[in-house]
Amino acid sequence: MSESTVRDQAAAPGTPPRRRARGLPGLATDAFLRRREATILLVALGLLIYFQTAKSVFLTHDNLVNVSQGTAPYAIIAVGEVFLLVSGEIDLSVGMVFALAPFLMHYMVDFSGVYPIIAIVLAVLAGALIGLGNGLVTVVLRVPSFVATLGSMFLVQGIMLTTSHAYPAQIPEAADGLAGWFGRAPWAELTWCLVIVVFFHLVLTRTRWGLHTVATGGNPLGAAEAGIRTGRIKIGNFMLTGALGAFAGILEAFRVGSIDPSSGGSNAMFIAVSAAVIGGTALAGGSGTVVGALLGALVLAEMQNGFNLIGISANPFNIILGSAIIISMVLNVHLARLRRAGRS
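The structure presented is a predicted model; accordingly, all values stated were derived computationally and were not measured.

(A) Layout of the pattern of salt bridges. For the coordinates displayed, the defined rule picks out 3 salt bridges. The partner of Glu189 in a salt bridge is Arg255, and the shortest N-O contact between them spans 3.3 Å. Of this pair, Glu189 sits in helix H9 (residues 188-206) while Arg255 sits in helix H12 (residues 230-256), and the two are 66 residues apart along the sequence. Close ionic contact of Glu252 with Arg255 constitutes a salt bridge, the shortest N to O distance being 2.7 Å. One end of the pair is Glu252 and the other is Arg255, both in helix H12 and 3 residues apart, which spans about a single turn. With a relative accessible area of 13%, Glu252 lands in the buried category.

(B) Structural detail: the nonpolar core. Counting 81 residues, the largest nonpolar core has Val79, Phe83, Met105, Phe200, Ile250, Phe254 and Leu300 as the members making the most contacts within it. The greatest single-element share of this core, amounting to 12 residues, is contributed by helix H5 (residues 94-112). Aside from chain neighbours lying at most four places away, what touches Phe83 is Phe200, Val203, Leu204, Trp209, Thr213, Asn237, Leu240 and Val290.

(C) Molecular detail of the environment of Phe103. As for its placement among the helices and strands, Phe103 is situated in helix H5. Spatially, the C-alpha atom of Phe103 lies 9.1 Å from that of Ile171, the residues being 68 residues apart in sequence. Residues contacting Phe103, with those up to four places away along its chain left out, are Met160, Ser164, Tyr167, Ala169, Ile259, Asp260 and Pro261.

Here is what the cut-offs are and how they apply
- Residues numbered from 1 in each chain as written.
- Predicted model: local features only at pLDDT ≥ 70, side-chain atom pairs only at ≥ 80, totals over all residues.
- Heavy atoms only, no water.
- Salt bridge = Lys/Arg side-chain N within 4 Å of Asp/Glu carboxyl O.
- Helix = DSSP H or I, 4+ residues; strand = E, 2+ residues; numbered from the N terminus.
- Buried < 20%, exposed > 50% of the residue type's maximum accessible area, 1.4 Å probe, protein only.
- Core = buried A, V, L, I, M, F, W, Y, C linked by side-chain atoms within 4.5 Å.
- Contact = heavy atoms within 4.5 Å.

Scope: geometric values only; no functional claims are made or implied.
This is the structure we're talking about:
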């Protein structure tokens, strides 16, 4: 009889035999596959290999800059949406905040003589103020966030179109010195995006605010009974989403070199929510990942850029996007069941 068999038989009654220890590669693979970001990372790498094989220009410097600029603003918005979705809410107005914020900067600098950097800060705070309004309507007045932010989406759009007369504007001359830092330099948007993603990944996974956000979305009643101020968590996350939407809009305006009333809008919001969902954030609340949202935005940017390179019409993009959302939600539900059953 082998020594291992003797040890198994000597174990306490009812104790199953000990499994054979796995090597470090196997443990590392298991740890990787358990992460929510694993699947979307593999998809991003697969798309990169496919498009590079189809068109060798895909991995050139200029095209990678294009991909990064198609990823960064939506990933920044998606970070805020992740916090909201995890806490059980959603913001449909953030795309209009994205469009309004650069106009606010323009009004303050050109019409009121505010220093550009102060105008940028105030525009971002205005986005947070809009988020505060959304949060108060949702939490205090108990209006579902879908309805509350749908209304504020049209309200913000109306303010933006009325004040701008639906005409684009130029970036204020006084702010030209900041353009390189805030989006015009090739990698500026991506740099800001990565800083934001790393910071808020740590907030969601390593701080009390992140823990309370997960608890608020996963079990609102239990969280409230445990002493978590769920209303404050939700309002704070609405403010975070509004501020990030405003900042992303300012970055994009500097990158393009003009302020366009048709930029952002519902399209930016839907892409950001799609990135969050595809990246592993559950619409039902209680779980999500900031890094996954970044990877989701990267996948969407890769597909848009790759389709253009290989000559595929942009029309099928929404078909693929819709399919990706449905598939990712099915996988999220299935993986959640496996985790609850202790098999993943």
